[in-house]
Amino acid sequence: MTEAVTVRGLRRAYGDRVVIRSLDLHIERGEFVVLLGESGCGKTTLLRALAGLDPIDGGRIDGPPRPAVVFQEHRLLPWDPLWRNVSLGLSEKDSRQLAGAALAEVGLGDRLDDWPRNLSGGQAQRVALARALVQQPQLLLLDEPFAALDALTRIKMQSLVKALVRKHQPGVLLVTHDVDEAITLGDRALVMREGAIARTYAISAAANGHRSHPEAIELRDRLLADLGVGADA
Amino acid sequence: MSDLAIAAPVRAKRLPRQPRFAVRRLLPWLVPVLLLLAWEALARFGKIPPYILPAPTKVMLTGVALVQDGTLIPDIGISLLRAASGFAIGGAIGFGLGVAVGFSRTAGLLLDRTVLMLRAIPFLAVLPLVIVWLGIGEGAKIFLVAFGVTFPIYMNTVLGIRQVDPKLVELGKVTGLSTWMLIRRIILPGALPSILNGVRYALATAWLALVVAETIAASSGIGFLAMDAREFLRTDVIVLVIVIYAAIGVAADSVARLLERRLLAWHPNYAGETRR
Ligand SMILES: Nc1ncnc2c1ncn2[C@@H]1O[C@H](COP(=O)(O)OP(=O)(O)OP(=O)(O)O)[C@@H](O)[C@H]1O
Ligand SMILES: [Mg+2]
């Protein structure tokens, strides 16, 4: 396996407020890492630094210059039909074919020429996912991409993401507040606190597979406790 | 409660019957047509002297005669050419400045105040000065039109660019778009509704500028035609010119609207035939 990204001693501050103090992180290609942490602990800040959207104040990030990002909102360009949205960063002549293939992967292969405003929230988010994957990214950053979706759509999106990640093998960093989502999707769960990674848990395939598996139940309790909402707290 | 009460259909109050299609299409034209007929009748039977207001049919015949003796069409052509060149020059300046100020903070600091100060001048007020500078030749008219057009285009371009969703700009950056592609794929399309709004407004301004410039200082064009006719009390020609001005103004606005519908097909407010 090759590495997707390595972060050493990352520091990031907004003025006087230090949000990321000294953070280390390593993700392999094909590895699915989920990031949990209380609201405001700096998860989005970390993602933005990895995406190269914000400057960093210390440490180093060794990774692709341009990871693919899916935000909480779909951020589709309303003036472009779906295939133009998906092929936004592509320069190739056959970008329509590539976009069509990517849209087919997310189940929207028949809507190439449709407008974003004709999509439901879940469909729009699937297009955003297609737009990220069409770049064949080495690193895929997902910032609560399912948070705005209803429970059923979210479950479908989770399996879709899982399947597509397995196929394309990018390293993934997914931010979520949903502990069950973390256990279902992740190979590894990180808990962020006070500007660093406070805990790391390996998640077995067995725990991925069944919510009621003993390992999954134990992990859920631990994660909830880490997040300060333990079942018996 | 009885079943009957539940089953009773909720009868909506009967809506007033919609007027039939033909009626809906024709009724708005009734008053204009009646006015026109009344005007015709009053003029025909000498209730309005022809030098005050000639009959509509007389105006039409005058139009035909002027076309036939070859004066009207070239004059319309000259007027349109002036409007178009003034619009192109003013539009280019307004758009160029707008793009610069919209994108660059430095350009904004440097230019915005100046442009806004110039904008405070009612553009018709500069006409005497323009005549002193440029005489009553083509330059004066084109200058006035360009001056009137620059500001609405400038304002709306700046506004449009500043209103582009920063989240989409951010998306463009993570997607690795070059600056040029960012402008072309995200910023200009995002600013387009506002810019087209400016275009429509500027068209009206351009037309007004032209009418005034041609009326006050010209030796050709349809405005000149009207002023020349005034000397001979040819009210039929004057009315004809007024009608032509109105018609061209309406036509220009429809073209602008068509442009909006074509270019903003993605926009919910202009959506028509866009659903697949
Ligand atoms: N542009 C900014 N300027 C100043 N402070 C900021 C800015 N963006 C974020 N912060 C602060 O940095 C801290 C971390 O914010 P961040 O958005 O990374 O949190 P998060 O973990 O993503 O939270 P959530 O789970 O609610 O999305 C917060 O205290 C926030 O107030
Ligand atoms: Mg966040």
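Residues numbered from 1 in each chain as written. Chains lettered and ligands numbered in written order. Predicted model: local features only at pLDDT ≥ 70, side-chain atom pairs only at ≥ 80, totals over all residues. Heavy atoms only, no water.

### Observations concerning the domain arrangement of chain A
All names here are of chain A.
- According to the domain assignment, chain A contains domain 1 (23-67 + 137-233) and domain 2 (77-136).
- The C-alpha centroid of domain 2 is placed 25 Å from the C-alpha centroid of domain 1.
- Contact residues are listed per partner, giving 14 residues for domain 1 and 11 residues for domain 2.
- Buried surface at the junction of domain 1 and domain 2, both sides included, amounts to about 1100 Å², of which 70% is carbon and sulfur.
- Linking domain 1 to domain 2 there are 1 salt bridge.
- Of the charged contacts in the structure, one is a salt bridge between Lys-167 and Glu-105, with a shortest N-O distance of 2.3 Å.
- The interface formed by domain 1 and domain 2 contains 4 residue pairs in polar contact (both at pLDDT 80 or more). (Domains from an automatic or database assignment. Contact = heavy atoms within 4.5 Å. Buried area = accessible area lost by both parts, 1.4 Å probe. Salt bridge = Lys/Arg side-chain N within 4 Å of Asp/Glu carboxyl O. Polar contact = N/O pair within 3.5 Å; in protein donor to acceptor, adjacent residues only side chain to side chain.)

### A few points about the pattern of salt bridges
- One pass over the full model with this rule turns up 29 salt bridges over all chains.
- Linking Arg-199 of chain A and Asp-226 of chain A is a salt bridge whose minimum nitrogen-to-oxygen distance equals 2.9 Å. In this pair, Arg-199 of chain A sits in strand β9 (residues 196-202) while Asp-226 of chain A sits in helix α8 (residues 214-226), placing the two residues 27 residues apart along the sequence.
- According to the relative accessible area criterion, Arg-199 of chain A is partly exposed, its value standing at 39%.
- A salt bridge links Asp-253 of chain B to Arg-200 of chain B; the shortest N-O distance between them is 3.2 Å. Placement of Asp-253 of chain B in helix α11 (residues 235-263) and of Arg-200 of chain B in helix α9 (residues 179-216) is noted, with a sequence separation of 53 residues between them.
- It is possible to trace a salt-bridge network through shared partners that takes in Arg-12, Arg-48, Asp-54, Asp-57, Glu-73 and Arg-75 of chain A together with Lys-167 and Glu-170 of chain B. (Helix = DSSP H or I, 4+ residues; strand = E, 2+ residues; numbered from the N terminus. Buried < 20%, exposed > 50% of the residue type's maximum accessible area, 1.4 Å probe, protein only.)

### Considerations on the site of ligand 1
Residue and element names in this part refer to chain A.
- Not every one of the 13 residues close to ligand 1 is listed here, only the nearest: Ser-39, Lys-43, Thr-44, Thr-45 and His-177.
- Within the side chain of Ser-39, one N or O atom sits 2.6 Å away from an oxygen atom of ligand 1.
- The contact in question runs from an oxygen atom of ligand 1 to an N or O atom on the side chain of Thr-45, over 2.5 Å.
- Computed on the free molecule, ligand 1 has an accessible area of 640 Å², of which 61% lies beneath the protein chains in the complex.
- For the shell around ligand 1, the secondary structure elements donating two or more residues are β2 (17-28) and α1 (43-50). (Near = heavy atom within 4 Å. Areas by Shrake-Rupley, 256 points an atom, 1.4 Å probe, with all protein chains shown as cover.)

### Points about the nonpolar core
- Within the largest apolar cluster, 49 residues are counted, with the highest numbers of intra-cluster contacts made by Leu-103, Leu-129, Leu-140 and Leu-223 of chain A.
- Ranked by residue count, the leading element in this core is helix α4 (residues 121-133) of chain A, at 7 residues.
- Taken together, domain 1 (23-67 + 137-233) and domain 2 (77-136) of chain A each give at least three residues to this core, which thus spans both.
- The residues contacting Leu-103 of chain A, other than those within four sequence positions of it, are Leu-82, Trp-83, Val-86, Leu-108, Gly-109, Leu-112, Val-127 and Ala-130 of chain A.
- Formed by 46 residues, the second largest nonpolar core is a distinct cluster that contains Ile-27 and Leu-53 of chain A together with Leu-171 and Leu-264 of chain B. (Core = buried A, V, L, I, M, F, W, Y, C linked by side-chain atoms within 4.5 Å.)

### Let's talk about the packing of aromatic side chains
- The full count for this structure, using the stated rule, is 5 aromatic pairs over all chains.
- For the pair Trp-133 of chain B and Phe-143 of chain B, a centre-to-centre distance of 6.3 Å together with 90° between the ring planes defines the contact as edge-to-face. One end of the pair, Trp-133 of chain B, is in helix α6 (residues 127-134); the other, Phe-143 of chain B, is in helix α7 (residues 138-163), and 10 residues separate them in sequence.
- Judged by its relative accessible area of 56%, Trp-133 of chain B falls in the exposed class.
- Between the aromatic rings of Trp-207 of chain B and Tyr-245 of chain B, the centroid separation amounts to 5.8 Å while the plane-to-plane angle is 80°, which identifies the pairing as edge-to-face. Residue Trp-207 of chain B is found in helix α9, and its partner Tyr-245 of chain B is found in helix α11; the two are separated by 38 residues along the sequence. Residue Trp-207 of chain B shares its accessibility class with Tyr-245 of chain B, and that shared class is buried.
- Chaining the aromatic ring pairs together yields one cluster made of Trp-133, Phe-143, Phe-147 and Phe-151 of chain B.
- Above the face of the Tyr-14 of chain A ring, Arg-12 of chain A is positioned so that its terminal group lies 4.7 Å from the ring centre. (Phe/Tyr/Trp six-rings, centres within 6.5 Å; stacked < 30°, edge-to-face > 60°. Lys NZ or Arg CZ within 6 Å of the ring centre and 35° of its normal.)

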